[in-house]
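Single-letter residue listing:
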Amino acid sequence: MTDQPKIDLSPRVSDEIRKTTCYMCACRCGINVHLKEGRVSYIEGNRDHPINRGVLCAKGAAGIKQVTSPARLRAPLRRVGPRGSGEFEEISWEEALELATTWLKPLRETAPEKLAFFTGRDQSQSLTGWWAQQFGTPNYAAHGGFCSVNMAAAGIYTLGGSFWEFGSPDWEHAQLLLLFGVAEDHDSNPIKMGLAKLKARGARIVGVNPIRSGYNAIADEWIGITPGTDGLFILSLVHELLRAGKIDLDFLARFSNAPVLLDCDPKSPDHGLFLRDDAGRPLVIDRRTGKPAPWDGEGVEPDLRGKLRRAGVTHRAVMYDIAERYLAPDYAPEKVAERCGIAPEQIRRVAAELARAAFDSDVTLDQPWTDFRGVAHKTMPGRPVAIHAMRGISAHANGFQTCRALHLLQTLLGAVETPGSFRFKPPYPKPAIAHPKPHFRTAPGQPLDGPALGYPQGPEDLALTEDGAPARIDKAFSWENPLSPHGLMHMVISNAAAGDPYRIDTLFLYMANMAWNSSMNTRGTMEMLTATDETGDYLIPHVIYADAYRSETVAYADLILPDTTYLERHDCISLLDRPISEPDAAADAIRWPVIAPDRDVRPFQSVLLDLGARLGLPGMVTEEGAPKYTDYADYITNHERKPGIGPLAGWRMGPHGLTHGKGDPNAAQIDSYIGNGGFFTAPLPEEAAYYKPWNRAYQDWAVSFGLIDKPQPALIQLWCEPLRRFQLAAEGKRAPQPPDALRGRIRTTLDPLPLWYAPMSDAFEDPAEYPVHALTQRPMAMYHSWGSQNAWLRQIHGVNPLYLPTYWWDKLALSEGDWVRVTSSHGEITVPAAHMAALNRNTVWTWNAIGKRKGAWALDPKAPEATKGFLLNHLIHELLPARGDGMRWSNSDPVTGQAAWFDLRVKLEKSAAPDEAQPVFPVIPGFHLSANTQKTPSPEAPPPDGEGTP
């Protein structure tokens, strides 16, 4: 048998391992990248990493196929044919940057607002936002406006922080977890690990979602709620808890503004505002004296029953309004259950479970701490009800108030920052008043005097011109969307094409597939990008697009700046932006070029800094006018947002050597991160781990670490005074005042207490004609559109059917293999159908971003993604239907401007099977054929980040 071949049964996976941070979703897990002969051979989880502890999902492992994808852009491109034709010529980087400078420089010198700079899920928003500020344009935002800004804004205005990136369930101590609208694409590894801990301890999980997939499939109870009614369900739970007296009165009195005194005189110009002392501090009644006292006074014991008569005006505690509103019969289970699609008994049962878990479970930590009033506590009592939420409750036109209702529920239970409940991740908590306000006043050749995005505290902070018109192209921070801290990315192209409120010159996009799955009204968006005026010029004269892959949007740009993949560049996951902190530790991380690009591409962040230097932007050039930073790695190392505070917190230089948090730049900082596996973590003191907003130990630690400048304890804002200020303006009692057409909407939707109202589209569409709710959901194996062209992940989700519940499946007499025509007030699609029993009776859904346009992503035009895959986006318009009043309102939350993706209503009919999913768009001509064009990097092109591969 000597002629038998010898087989190596234990081949070496690699000859080198490099540790960095994953970018196949937003978990930011630690990964070990195995290299063999300089090529990526295998990716596994880093067991030492604080986020995933070695766990890695299919997306993370499939990262190897992202860095070898034939869809990767290979060189800068300049359009030579009409927009949408996909006809480009390759040019050098010098030509590309000179062309961009030629377009941008005149704008900065004359009208900076004519640049609209919007980015997708780039994870470097502290840099991109700073760049926009230095350019001087207010027209900047990232993807949050069409993702989860309702959740972020509601959390910060109410709690001082929000779910997911800035907060987490207490997986170690929770006895009950209530999940709202959580899909499996975001934060999946930490959530899976946390759910495993709960299951192992016998804790109970309740999932609230119209769709029973993923996490809801393993929940102990599934509540298949009707889309858009989560807020009504939550407030019914509040009703039941109040009626039963199952609320944490001590927590409400100490840590919320429930005892703060309100002006109760309807004739008063300050009706509904807080009574304040001469220093501007809200007042409560101190139970020790029966007299008014500042909320944060030393030793003050606020009274939830406080009342005061002063200068002829009655003032009373917010708690009275809470009790009166939510004890009303309108919120009784019998009143709301049918609309929510569930039984009254289920609402009562969940309320009882919440009460039992919160008040009958003994979770108390033997840890002394001192609160901001100077009161010493011997223990940390817990309320082991954890609540977690995501896009499912956020992407509705009532999502802001729904998220606030959820925070009200948490607060009534005492389930905020207590053992077993919701916990903040540093740098949060950070209340809205600690954030900047939006800046928008432009001047030729000058930067803005502050960041473009922020948190208004009243009408005086709106981004309006002298005549009251929106100052931003997306109309963020206007009367239409007053509290819009993430902007309205879905409205930029529509408003720019319409010249409403004005024309722009250059649209600069990064990693935002606006010509396909990242836009409502996909066909209309492509038409707007190619629309011309009476002279034949494009309505949007210049479009610059940066991406790593040949997405559909590439074909609609004039200049393409090709980005690297995530394993070929430096990235900074910063405490200035969206770090990887956990509740017990502040943490940040980097990516670094573990491999070198084989194409003529450059990291977008480095390109942005290069452009900034060419434009002479402040902070990006020296006094002599030379570039201040050679690349993004140089910026990460040496940039300071303020003295001692830079993008990375670890391994800075102090007076006596290395230090963490605050310190001078350290030339070896990135090397220290690489040597530590790509991350840095700073544990909190044990006495600072819980009760963070009110804990002196946490506040002092946050100051010492550089997260805040001074202690900033804050009450939970159950009554949101900024919202009341907008109502007063709409009532004519405060200046400036809104247009008459918006007064009623502002009075209704900007209520200072959480409320529920039907989605805005219900007033424009007939629910009887369109009786079915249609949702999209991202699968666990995909993340945004780039994952669905991955060679491995395509095998999991190569096509996407429309899932119908049993009621509609039987009603339409469907069988396996059938197709359905789906029609909305905007358009129609014809798609494959599938049956799913675990689904709300009047809801259909599909996976998001699976469908591709032919010719994009280097996929064969006959690929299943292009023939059977589809988008619901074709059915959704960025504007609500016309109502005969000459107005077309944005299809968005009226408070924050969040895109109302999940308010879509449709009607269904059985269809003969077409050859492929409808609608069909032409193959992008020439685009697919050029997708695999090879180009050798030009000799003058610098190595990535100026370093090459370490």
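All figures in this text were calculated on a predicted structure; none of them were measured in a lab. Residue indices begin from 1 for each chain and proceed along its sequence in written order. Totals for whole chains, interfaces and linings use every residue, but because this is a predicted model, local features are given only for residues with pLDDT of at least 70 and side-chain atom pairs only at 80 or more, for both listing and counting. Excluded from the side-chain calculation are hydrogens and water; included are all heavy atoms of the structure.

**Q** Could you give an account of the confidence of the model for the protein, naming the residues involved and the relevant values?
**A** Across the protein, the average pLDDT comes to 94, with 97% of residues at or above 70. Each residue carries a pLDDT value, the predictor's own confidence for that position, ranging from 0 to 100. Contacts were defined at the residue level, with two residues in contact if any of their heavy atoms lie within 4.5 Å. Taken together, the stretch residues 928–950 has pLDDT below 50 and engages in 51 contacts with residues farther than four places along the chain or on a different chain.

**Q** If you had to explain helix H20 (residues 721–730) to someone new, which residues and values would you point to?
**A** Within H20, 10 of the 10 residues are buried, which leaves it mostly tucked inside the rest of the structure. Of all the positions in H20, only Glu721, Pro722, Leu723, Arg724, Arg725, Phe726, Gln727, Leu728, Ala729 and Ala730 are classed as buried. Secondary structure counts use DSSP, requiring at least four H or I residues in a row for a helix and at least two E residues in a row for a strand, with both numbered from the N terminus. On its buried side, H20 packs onto helix H5 (149–158), helix H13 (399–412) and helix H21 (740–749). Only protein chains enter the calculation, and the probe is 1.4 Å; a residue is then buried if its accessible area is under 20% of its type maximum, exposed if over 50%, and partly exposed in between.

**Q** So what about the packing of aromatic side chains? Which residues, and what values?
**A** For Phe, Tyr and Trp, where Trp contributes only its six-membered ring, two rings pair if their centres lie within 6.5 Å, and the inter-plane angle classes them as stacked under 30 degrees, edge-to-face over 60, or tilted in between. Per the stated rule, a full pass over the model turns up 38 aromatic pairs. Taking 5.4 Å as the distance between ring centres and 50° as the angle between the ring planes, the aromatic pair formed by tryptophan 295 and phenylalanine 372 counts as tilted. Taken together, the positions of tryptophan 295 in the loop between strand E14 (291–294) and strand E15 (307–310) and phenylalanine 372 in the loop between strand E18 (369–370) and strand E19 (376–377) put the pair 77 residues apart, joining distant regions of the chain. Exposure class is identical for tryptophan 295 and phenylalanine 372. Each is buried. Ring geometry for tyrosine 510 and phenylalanine 604: centres 3.9 Å apart, planes at 20°, overall stacked. Of this pair, tyrosine 510 sits in strand E23 (residues 506–510) while phenylalanine 604 sits in helix H16 (residues 604–614), and the two are 94 residues apart along the sequence. Residue classification places tyrosine 510 among the buried positions, given a relative accessible area of 1%. Taken together through their ring pairs, the aromatic side chains of Phe117, Trp131, Phe135, Tyr140, Phe508, Tyr510 and Phe604 make up a single cluster.

**Q** If you had to explain helix H15 (residues 522–530) to someone new, which residues and values would you point to?
**A** Taken residue by residue, H15 has Thr522, Gly524, Thr525, Met526, Met528 and Leu529 as its buried positions. Along its buried surface, H15 packs onto helix H14 (492–498) and E23.

**Q** Describe the pattern of salt bridges, with residues and values.
**A** Throughout this description, the term salt bridge denotes a Lys or Arg side-chain nitrogen within 4 Å of a carboxyl oxygen of Asp or Glu. Applying the stated criterion to the full structure yields 57 salt bridges. Of the charged contacts, one joins aspartate 371 and arginine 254 as a salt bridge, the two residues approaching to 3.9 Å between their closest N and O atoms. Placement of aspartate 371 in the loop between E18 and E19 and of arginine 254 in helix H8 (residues 249–255) is noted, with a sequence separation of 117 residues between them. The exposure class of aspartate 371 is buried, given its relative accessible area of 0%. One salt bridge in this structure joins glutamate 480 and lysine 475, with 3.7 Å as the shortest N-O distance. Here glutamate 480 falls in the buried class, since its relative accessible area comes to 18%. Residue lysine 475 is classed as buried on the basis of its relative accessible area, which comes to 11%. A single network of salt bridges, built from pairs that share partners, joins Arg72, Glu568, Asp598 and Arg599.

**Q** If you had to explain unusual backbone geometry to someone new, which residues and values would you point to?
**A** At the junction of alanine 735 and proline 736, the peptide bond is cis and its omega measures out at -10° in the coordinates. That bond from glutamine 918 to proline 919 is cis: its omega, 5°, falls within 30 degrees of zero. Position of proline 919 relative to the elements: it lies in the segment after strand E36 (905–911). Unlike most non-glycine residues, arginine 28 shows phi in positive territory, near 60°. Tracing the backbone shows arginine 28 in the loop between strand E1 (16–21) and strand E2 (30–36). With a phi angle near 65°, alanine 849 is a residue other than glycine that sits in the positive phi range. Tracing the sequence through the fold places alanine 849 in the loop between strand E35 (843–847) and helix H23 (864–867).

**Q** Pulling in residues and values, what's your account of the pairing of strand E6 (residues 115–119)?
**A** Burial of E6 is extensive: 5 of the 5 residues sit out of reach of the surface. The alternating pattern of E6 places Leu115, Phe117 and Thr119 and Ala116 and Phe118 on opposite faces, both of which are buried. Strand pairing requires that DSSP identify at least two bridges connecting the strands. Sheet analysis places E6 next to E23, joined by 5 bridges and oriented parallel. Residue phenylalanine 117 lies in a different strand from E23, and its bridge partner there is phenylalanine 508. Bridge analysis of E6 against strand E7 (residues 140–141) gives 2 bridges, and the strand direction is parallel. By the bridge assignment, phenylalanine 118 is partnered in E7 with alanine 141. Handedness of a crossover is defined as follows: orient the strands so they point away from the viewer, and if the path from the first strand over the helix to the second runs clockwise, the crossover is right-handed. For the segment spanning E6, helix H4 (residues 125–135) and E7, crossover handedness is right-handed.

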